[in-house]
Amino acid sequence: MPQENFNDLAAFVTVAREQSFTRAAVKLGVSQSALSQTVRGLEERLGLRLLTRTTRRVSPTAAGERLLQTAGPRFDEIQSELSALSDMRDKPAGTVRITAGEHAAISVLAPALDKILPNYPDINVEITVDYGLTDIVAERYDAGVRLGEQLAKDMIAVKIAPEMRMAVVGAPSYFRQNPWPEVPEDLTAHNCIQIRMPTYGNILFWEFEKDGHELKVRVEGQLVFNNIAMRLDAAKRGLGLAYMPEDIVAEDIAKGTLIRVLEDWCVPFPGYHLYYPNRRHASPAFALVVDALRYRG
């Protein structure tokens with residue numbers, strides 16, 4: 001037997017329950033004649049009379065009653081599930097997976113999520129710190145966070161942070177033993193806290209620019225770290241100069257626990273963007289997270 005038309009079954013269930021083509025037609029939003037034709041078509045395909053029609057009422061036959069008892073609860077379950085899915089629009093739920101660098105995770109993602117997650121207990125966010133240009137589709141991430149200049153052209157990009165600047169800083173105790181660098185090249189004579197990129201394993205060059213002149217300096221020093229917290233701690237203890245995101249060290253600079261040098265060589269550059277593939281129907285949870293991260297400055 002060919003697969004039945006579920007619209008026909010739904011029409012039959014409504015008529016059988018209402019025991020009236022008139023009331024069922026109003027409930028379904030169709031004409032009475034169209035509804036009658038739909039049910040008649042179902043009866044013809046099954047080769048069974050499902051409804052007994054009189055001038056005053058409509059009642060199911062034995063075959064119709066059996067079909068009603070079988071199909072009716074199934075349609076109720078489907079309707080209940082559709083209602084539950086509709087509720088998710090107002091109460092977003094699910095897991096959102098994001099890959100980001102450490103600084104973006106600390107300075108951008110965490111503050112934004114702090115504001116929304118307490119209000120949406122059914123949303124879970126998984127953040128993986130990764131400095132590489134991860135293939136978020138292949139790795140099954142919902143989105144990634146990267147600097148604006150690193151974005152793939154075929155991705156949707158949402159700006160989630162203002163422009164950034166780097167800062168070269170050292171503790172007062174360090175500068176009591178060492179002169180201030182006047183130009184980036186002077187850093188080669190300093191004990192610099194180096195940065196090893198966790199993904200690629202290479203030592204990061206310190207990048208500078210002034211009056212359109214770009215310069216990359218390969219620094220050296222006794223310490224190499226692959227995370228922000230240890231670089232910051234080492235710098236504050238006077239163990240060397242550190243190359244840090246400006247916002248991470250702003251408070252220490254203001255308090256005098258760190259001293260900034262080469263500020264005129266540290267120019268702004270494009271900030272972080274959230275990127276993800278085009279989705280016609282993003283989940284409510286994902287849409288909420290994107291909106292919370294969106295930069296509105």
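Anyway, here's the lowdown on the structure attached to this text. Remember, predicted model here, so these are calculated numbers, not experimental data.

Quick look at the packing of aromatic side chains now. If you walk through the whole model with that rule in mind, you get five aromatic pairs. Pairing Tyr276 with Phe286 gives two aromatic rings, centres 5.1 Å apart and planes at 85°, and the pair type is edge-to-face. One end of the pair, Tyr276, is in strand β14 (residues 272-276); the other, Phe286, is in helix α9 (residues 284-293), and ten residues separate them in sequence. Aromatic rings pair up to connect Tyr174, Phe175 and Trp180 into one cluster. Over the aromatic face of Tyr141 sits the side chain of Arg97, whose NZ or CZ is 4.2 Å from the ring centroid.

Now for unusual backbone geometry. If you check the backbone angles, Gln19 has positive phi at about 55° while not being a glycine. Locating Gln19 in the fold gives a position in the loop between α1 (6-18) and α2 (21-28).

It helps to recall that an α-helix has 3.6 residues per turn; residues three or four apart then point in one direction. For helix α3 (residues 32-46), with 15 residues, the first-to-last C-alpha span of 21 Å sits near the 21 Å given by 1.5 Å per residue. Those residues of α3 that fall on the buried side of the exposure criterion are Leu35, Ser36, Val39, Gly41, Leu42 and Glu43. Tucked inside the fold, the buried residues of α3 contact α1, α2 and β1 (51-53). Gly47 sits one or two positions beyond α3 and adopts a positive phi of about 70°.

Strands sit in the order β4-β3-β5-β14-β6 across an open sheet of five strands; the sheet is mixed. Whereas interior strands pair on both sides, the edge strands pair on one side only; in this sheet they are β4 (123-129) and β6 (156-159). Recorded for the sheet is a direction-independent mean angle of 25° between the axes of neighbouring strands. Pairing of β6 with β14 involves four bridges; the strand directions are antiparallel. Following the sheet pairing, Val158 is matched in β14 by Leu274. The sheet strands contacting helix α5 (residues 102-116) are β3 (94-100), β4, β5 (143-147) and β14, and the helix crosses β4 at an angle near 165°.

Right, let's get into the layout of surface pockets. As a volume, the second largest pocket reaches approximately 340 Å³. Lining the second largest pocket are 21 residues, with Ser107, Val108, Ile160, Ala161 and Pro162 sitting closest to its centre. For the lining of the second largest pocket, the elements supplying multiple residues, two or more each, are α5, α8 (246-255) and α9. Broken down by element, the residue count for the lining of the second largest pocket peaks at seven residues, all from α5. The residue inventory of the lining of the second largest pocket, partitioned by class, reads twelve nonpolar, two polar and seven charged.

Here is what the cut-offs are and how they apply
Residues numbered from 1 in each chain as written. Predicted model: local features only at pLDDT ≥ 70, side-chain atom pairs only at ≥ 80, totals over all residues. Heavy atoms only, no water. Phe/Tyr/Trp six-rings, centres within 6.5 Å; stacked < 30°, edge-to-face > 60°. Helix = DSSP H or I, 4+ residues; strand = E, 2+ residues; numbered from the N terminus. Lys NZ or Arg CZ within 6 Å of the ring centre and 35° of its normal. Expected span 1.5 Å × (residues − 1). Buried < 20%, exposed > 50% of the residue type's maximum accessible area, 1.4 Å probe, protein only. Contact = heavy atoms within 4.5 Å. Pairing = 2+ DSSP bridges. Axes fitted to C-alpha atoms, helices over the stretch in contact; angles between N-to-C directions. 1 Å grid on protein atoms, 1.4 Å probe; cavity = no way out; pocket = protein on both sides within 12 Å on 5 of 7 lines; lining within 4 Å. Points joined across faces, edges and corners; volume = space filled by probe spheres on them. Nonpolar A, V, L, I, M, F, W, Y, C, P; charged D, E, K, R; others polar.

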